[in-house]
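What follows is the residue order along each chain.
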Amino acid sequence: MKRFTNLVIVASGCVLASGRVLASGRALASGRALASGLALAGVGALAGASGFAAEVMAQTPAVPAQDQQVVLVTGSTSGLGKELAMRFGARGDHVIVHGRNEERGAEVVDAINAAGPGSARFYRADFASLAQVRSFAETLLADYDRLDILINNAGFGSAPDERLLTEDGHEYRFQVNYLSTFLLTHMLMQRVLDSAPSRIVNVSSGAQRPIDFDDVMIENNFSGGRAYAQSKLAQVMFTHDLAEELEGTGVVVGSLHPATYMPTGMVLRLGVTPRATIAEGADAVMQVVDSDEFESGQYFSGLRQARANAQAYDAQARARLKQLSEELTGIRCRLGRCQAVGGR
Ligand SMILES: NC(=O)c1ccc[n+]([C@@H]2O[C@H](COP(=O)([O-])OP(=O)(O)OC[C@H]3O[C@@H](n4cnc5c(N)ncnc54)[C@H](OP(=O)(O)O)[C@@H]3O)[C@@H](O)[C@H]2O)c1
């Protein structure tokens, strides 16, 4: 893995280096505008086209140094993502901190900037809104000309045991944990390719359940645990597809179960007794980020290579998931070039 002084992006929202926060209403408006633009152009061509992106740039004059890696860690306002963001900052990277909670996002940014030698910015985006994910990606494309490491970490756990829907009308965990990651990753892909050798890490879980393609949104026999486990397996399936697509590009992609029951927000909400530390989970993620032996597409459980649920190795199931994801997000992408599908 190449080393610069570092630039890291942590995904989960839109907060600024200055601690100022983006207006969410603007994010939604620009997201809607972007959807039609995707029909005509590659995603990169749309960067900077929205007023939303222009406003962000105006408020955030700080740019990464030439020799800094840029790292995006989604869901870095707490838990595992926060620990990862701090680690990237400590080794000198520029970290893009993401989440919904602006106050906690600003705290992480302040801590990274104060500790040095790295730097950070916060971006707020709710992954329960595909429009906000589009705006988030568009803003990053306008703000950054490289993305060395993408850590797809943002996630919502199995508690509460309630069937929730996103503003797009999809089952909540499926969209927040998987579908938004699918959309964000594809929209940012040109930057990742431009930065090769680069790396994408999908933080999945050992909790995995096969997708029932007759009831993907789990209208029958719902449980929060089933929804969470389905979304986590979808991440692994996505990883395998990406590894195939990105072969020979210098972009390595992997997925992992970081550690079991770390004392993070989602585990505390579940009410179970923690069994591992957040540091253990972060060690596992950093191994996937840094290891020269890591082969694209591999799945790890902690520090060891492991086998995911059988559906992850089922090419037909993966093709079905990919097609569904393209229909639900409205884009079909290959190697950073995207086109609209489904009349969007
Ligand atoms: N904890 C464990 O033992 C364990 C085990 C296996 C896998 N994992 C995985 O590790 C990852 C990190 O989770 P964690 O344990 O650190 O949990 P956590 O403390 O609850 O952190 C979750 C992060 O995701 C963000 N997030 C949640 N909902 C979001 C939404 N709708 N839109 C945007 N961001 C959202 C949160 O940001 P805001 O609060 O600012 O919205 C927060 O930064 C997850 O992918 C999880 O599945 C955890």
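Just so we're clear, the structure is a prediction, and the values are computed from it rather than from any experiment.

Student: Is there a simple way to think about the overall build of the chain in this case?
Tutor: Helices and strands together make up the secondary structure of the chain, namely 11 helices and 12 strands. Evaluated residue by residue, the chain yields a buried proportion of 55% over its 344 residues. Taking as baseline every contact in the chain between residues at least 6 positions apart, the subset at least 24 positions apart corresponds to 76%.

Student: Even after reading the chapter, I still don't get the site of the ligand, so can you show me in this structure?
Tutor: Gly75, Gly79, Gly99, Gly155 and Gly265 are the nearest of the 32 residues found near the ligand. Of all the secondary structure elements, the ones that give two or more residues to the shell around the ligand are helix 4 (79-90) and helix 9 (265-270). Looking at the shell around the ligand residue by residue, the class counts come to 13 nonpolar, 16 polar and 3 charged.

Student: Help me understand helix 8 (residues 224-245), please; the structure alone is not making it clear to me.
Tutor: Structural remark: α-helix, 3.6 residues per turn; residues separated by three or four positions point the same way. Between the first and last C-alpha of helix 8 there are 32 Å, a value that for 22 residues agrees with the 32 Å anticipated at 1.5 Å per step. Most of helix 8 is tucked away: 16 of the 22 residues are buried.

Student: When you look at helix 7 (residues 172-194) in this model, what are you seeing that I'm missing?
Tutor: With 23 residues, helix 7 should cover 33 Å at 1.5 Å per step; its first-to-last C-alpha distance of 32 Å lies within 8% of that length. Largest kink in helix 7: about 50°, centred on leucine 188.

Student: Explain the confidence of the model for the chain to me, please; I cannot follow it from the model alone.
Tutor: Note that predicted coordinates carrying low pLDDT should not be read in detail. Summarising the model, the chain shows a mean pLDDT of 85, and 81% of its residues fall at 70 or more. Here residues 1-61 is modelled with pLDDT under 50, and outside its nearest four sequence neighbours on either side it reaches 197 contacts, counting other chains as well.

Student: Explain the environment of methionine 262 to me, please; I cannot follow it from the model alone.
Tutor: For methionine 262, the location among the structural elements is in the loop between strand 8 (251-257) and helix 9. Taking C-alpha positions, methionine 262 is 5.1 Å from threonine 277, a pair spaced 15 residues apart along the chain.

Student: Mind showing me how you'd approach the pairing of strand 11 (residues 331-334) here?
Tutor: Put simply, side chains in a regular strand alternate between the two faces of the sheet. Of the two faces of strand 11, only the one carrying Ile331 and Cys333 is buried; Arg332 and Arg334 on the other face are not. Sheet topology places strand 11 next to strand 12 (residues 337-340); 4 bridges connect them, and they run antiparallel. Residue isoleucine 331 lies in a different strand from strand 12, and its bridge partner there is alanine 340. Where strand 11 folds back on strand 12, the antiparallel hairpin that results is connected by 2 residues, among which leucine 335 adopts a positive phi of roughly 50°.

Student: Which parts of the structure should I look at to understand the packing of helix 6 (residues 130-143) against helix 7?
Tutor: The angle between the axes and the distance between the axes are what describe a pair of packed helices. Closest axis-to-axis distance for the helix 6/helix 7 pair is 9 Å, and the angle between their directions is 20°. The orientation of helix 6 relative to helix 7 falls into the category roughly parallel. Handedness of the helix 6/helix 7 crossing: right-handed. Here helix 6 contributes Leu130, Val133, Arg134, Phe136, Ala137, Leu140 and Leu141 to the contact with helix 7, which in turn contributes Ser180, Leu183, Leu184, Met187, Leu188 and Arg191. Tallied by class, the residues present in the contact of helix 6 with helix 7 amount to 10 nonpolar, 1 polar and 2 charged.

Student: Can you help me understand the pairing of strand 6 (residues 149-152) in this one?
Tutor: Of the two faces of strand 6, the one lined by Ile149 and Ile151 and the one lined by Leu150 and Asn152 are each fully buried. In this structure, strand 6 lies alongside strand 7 (residues 198-203), joined through 4 bridges in parallel fashion. Considered in strand 7, the bridge of asparagine 152 is made with asparagine 202. For the segment spanning strand 6, helix 7 and strand 7, crossover handedness is right-handed.

Student: Teacher, can you tell me more about the environment of alanine 115 here?
Tutor: Relative to the helices and strands, alanine 115 is located in helix 5 (residues 102-115). Between the C-alpha atoms of alanine 115 and glycine 89, which are 26 residues apart in sequence, the distance is 8.0 Å. In contact with alanine 115, other than residues within four places in its own chain, are Gly89 and Ala90.

Here is what the cut-offs are and how they apply
Residues numbered from 1 in each chain as written. Predicted model: local features only at pLDDT ≥ 70, side-chain atom pairs only at ≥ 80, totals over all residues. Helix = DSSP H or I, 4+ residues; strand = E, 2+ residues; numbered from the N terminus. Buried ≥ 20, exposed ≤ 12 C-beta atoms within 10 Å, placed from the backbone. Contact = placed C-beta atoms within 7 Å. Near = placed C-beta within 6 Å. Nonpolar A, V, L, I, M, F, W, Y, C, P; charged D, E, K, R; others polar. Expected span 1.5 Å × (residues − 1). Bend = angle between axes of the 7 residues up to and from the residue. pLDDT = per-residue confidence, 0-100. Pairing = 2+ DSSP bridges. Axes fitted to C-alpha atoms, helices over the stretch in contact; angles between N-to-C directions. Parallel < 35°, antiparallel > 145°, perpendicular 65-115°, else oblique. Left-handed = near helix turned anticlockwise from the far one by under 90°. Right-handed = clockwise from strand over helix to strand, strands pointing away.

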